[in-house]
Amino acid sequence: MAEPTAQPVGDAPKLVVHHLDDSRSQRILWLVEELEVPYELKKYKRTSERLAPPELKAVNPLGNAPVITDGSLNLAESGAIVEYIIQKYGRGRAQPPESGAIDNLYYTHYAEASLMPMLVNKLIFRIIPQRSPFFLRPILKTAFNAISARMLDPRLKVHAEMIETHLSKSNGFFAGGDEPTSADYMMIFCLEAWASEDGGDLGPQTKAYIDRIHSRPAYQRALQKGGEYAFAKATS
């Protein structure tokens, strides 16, 4: 059920963040807190089956999160929302240095185009046996574990090594520079989800990156306002 939570900063904000617990919308809360954008927060709770509630379909026909409304604008998809908020409300912040512009472009799109689909597949392979008829669970668990081990785990290991190598050279953020950019706002959810599920392939630089983001005051404010978030766990 939706739970309105106003954030009074001067005049009533027209930007509304529709936030679903344990979802990609946590990225958007961190972003607006980091940029100090006035906004109204509307929270939605997952059902007992861990699905988005029907109320979200009243906001966006797909019923997914994140979604923002800004006046007459209704916008879904993390990447589109991140880029829109930075462009309209960033006031020059969250911009990569010239030396990191291509890294920022790459990792902003890599997060959902390449990395997240594999993590979602791994999650689905784990959930299918759990939700299958009892007598099929041992067979399906064995089968999907084997598929994951052969098809996903080797590829994820390569991705983990690439991310680790990049972070060891990027001076703290994916695009370098002195503050998070769109690449960080997009990558953090993927890395959090990966670390919370298994994370065995994640290297020390990647784990330190997650912990460093979690320690930022804006991230902590986003957690406080958004409510319980299963992926906000220390990695060390």
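Computed from a predicted structure; not experimentally measured.

S.K.: Would you mind going over the overall build of the chain with me for this structure?
M.R.: Secondary structure summary: the chain contains seven helices and five strands in total. Order of helices (α) and strands (β) in the chain, N terminus to C terminus: β-β-α-β-β-β-α-α-α-α-α-α. Taken over C-alpha atoms, the radius of gyration comes to 18 Å for the chain, in line with the 18 Å a tight globule of 236 residues would show. In terms of overall dimensions, the chain has C-alpha extents of about 60 × 45 × 30 Å along its principal axes. Across the 236 residues in the chain, those meeting the buried criterion constitute 46%. Carbon and sulfur atoms provide 56% of the accessible area of the chain, an area that totals close to 12100 Å².

S.K.: It is not clear to me how helix 5 (residues 182-197) should be interpreted in this structure. Could you clarify?
M.R.: Quick reminder: α-helices carry 3.6 residues per turn. Residues three or four places apart thus point the same way. When the terminal C-alpha atoms of helix 5 are compared, their 24 Å separation across 16 residues agrees well with the 22 Å that a helix rising 1.5 Å per residue should span. Buried residues dominate helix 5, accounting for 13 of its 16 residues. Gly 199 sits one or two positions beyond helix 5 and adopts a positive phi of about 70°.

S.K.: Please explain the side chain of Thr 181 as it appears in this structure.
M.R.: Its location among the elements puts Thr 181 in the loop between helix 4 (137-167) and helix 5. Ignoring any residue separated from it by four or fewer positions in sequence, one finds Thr 181 in contact with Ala 94, Gln 95, Pro 96, Asn 104 and Ala 175.

S.K.: Explain empty space enclosed by the protein to me, please; I cannot follow it from the model alone.
M.R.: The gaps left among the atoms become clear once a water-sized probe is rolled over them. Across all of its chains, the model carries one cavity of 30 Å³ or more by this definition. Roughly 30 Å³ of volume is contained in the largest cavity. In terms of lining residues, the largest cavity is bounded by Gln 26, Arg 27, Ile 188, Phe 189, Glu 192, Tyr 219 and Tyr 229. For the lining of the largest cavity, the secondary structure elements donating two or more residues are helix 1 (25-34) and helix 5. Residue classes in the lining of the largest cavity are distributed as four nonpolar, one polar and two charged.

S.K.: Please clarify how the nonpolar core should be interpreted in this entry.
M.R.: In globular proteins that are soluble, nonpolar side chains generally tend to be buried together. By size, the foremost hydrophobic cluster in this structure holds 55 residues, and its most contacted members are Ile 85, Leu 115, Ile 163, Phe 174, Met 187 and Trp 194. For this core, the secondary structure elements donating two or more residues are strand 2 (15-20), helix 1, helix 2 (78-89), helix 3 (101-130), helix 4, helix 5, helix 6 (204-214) and helix 7 (217-226). With 10 residues, helix 5 is the single largest residue contributor to this core. Non-local contacts of Ile 85, meaning those with residues more than four positions away in its chain, are made with Leu 15, Ile 28, Leu 31, Val 32, Leu 35, Ile 68 and Gly 90. The next biggest cluster of nonpolar side chains, apart from the first, holds six residues, and it includes Leu 20, Tyr 44, Leu 56 and Val 67.

S.K.: So what exactly am I meant to see when it comes to a nonpolar patch on the surface here?
M.R.: A cluster of nonpolar side chains, Phe 135, Leu 136 and Ile 139, forms an exposed patch at the surface whose accessible area comes to about 320 Å². Residue placement: Ile 139 occurs in helix 4.

S.K.: Mind showing me how you'd approach the side chain of Ser 132 here?
M.R.: Along the chain, the position of Ser 132 falls in the loop between helix 3 and helix 4. Ignoring anything within four residues of it in the chain, the contact list for Ser 132 reads Arg 137 and Leu 140.

S.K.: What should I look at first to understand the packing of helix 3 against helix 5 in this one?
M.R.: Two packed helices can be described by the angle between their axes and the distance between those axes. The interhelical angle for the contact between helix 3 and helix 5, taken along N-to-C directions, is 20°, at an axis separation of 8 Å. As summarised for this structure, helix 3 and helix 5 are arranged roughly parallel, according to the angle between their axes. Considering only the axes of helix 3 and helix 5, their crossing is left-handed. Across the interface between the two elements, Asn 104, Tyr 107, Thr 108, Tyr 110, Ala 111, Glu 112, Leu 115, Met 116, Leu 119, Leu 123 and Arg 126 from helix 3 touch Ser 182, Ala 183, Met 186, Met 187, Phe 189, Cys 190, Ala 193, Trp 194 and Glu 197 from helix 5. Taken together, the residues of the contact of helix 3 with helix 5 break down into 14 nonpolar, three polar and three charged.

Criteria and cut-off values
Residues numbered from 1 in each chain as written. Predicted model: local features only at pLDDT ≥ 70, side-chain atom pairs only at ≥ 80, totals over all residues. Heavy atoms only, no water. Helix = DSSP H or I, 4+ residues; strand = E, 2+ residues; numbered from the N terminus. Rg over C-alpha atoms; globule rule 2.2 N^0.38 Å. Buried < 20%, exposed > 50% of the residue type's maximum accessible area, 1.4 Å probe, protein only. Areas by Shrake-Rupley, 256 points an atom, 1.4 Å probe, with all protein chains shown as cover. Expected span 1.5 Å × (residues − 1). Contact = heavy atoms within 4.5 Å. 1 Å grid on protein atoms, 1.4 Å probe; cavity = no way out; pocket = protein on both sides within 12 Å on 5 of 7 lines; lining within 4 Å. Points joined across faces, edges and corners; volume = space filled by probe spheres on them. Nonpolar A, V, L, I, M, F, W, Y, C, P; charged D, E, K, R; others polar. Core = buried A, V, L, I, M, F, W, Y, C linked by side-chain atoms within 4.5 Å. Patch = residues over 30% accessible without salt bridge, like charges linked within 9 Å, V, L, I, M, F, W, Y side chains within 5 Å. Salt bridge = Lys/Arg side-chain N within 4 Å of Asp/Glu carboxyl O. Axes fitted to C-alpha atoms, helices over the stretch in contact; angles between N-to-C directions. Parallel < 35°, antiparallel > 145°, perpendicular 65-115°, else oblique. Left-handed = near helix turned anticlockwise from the far one by under 90°.

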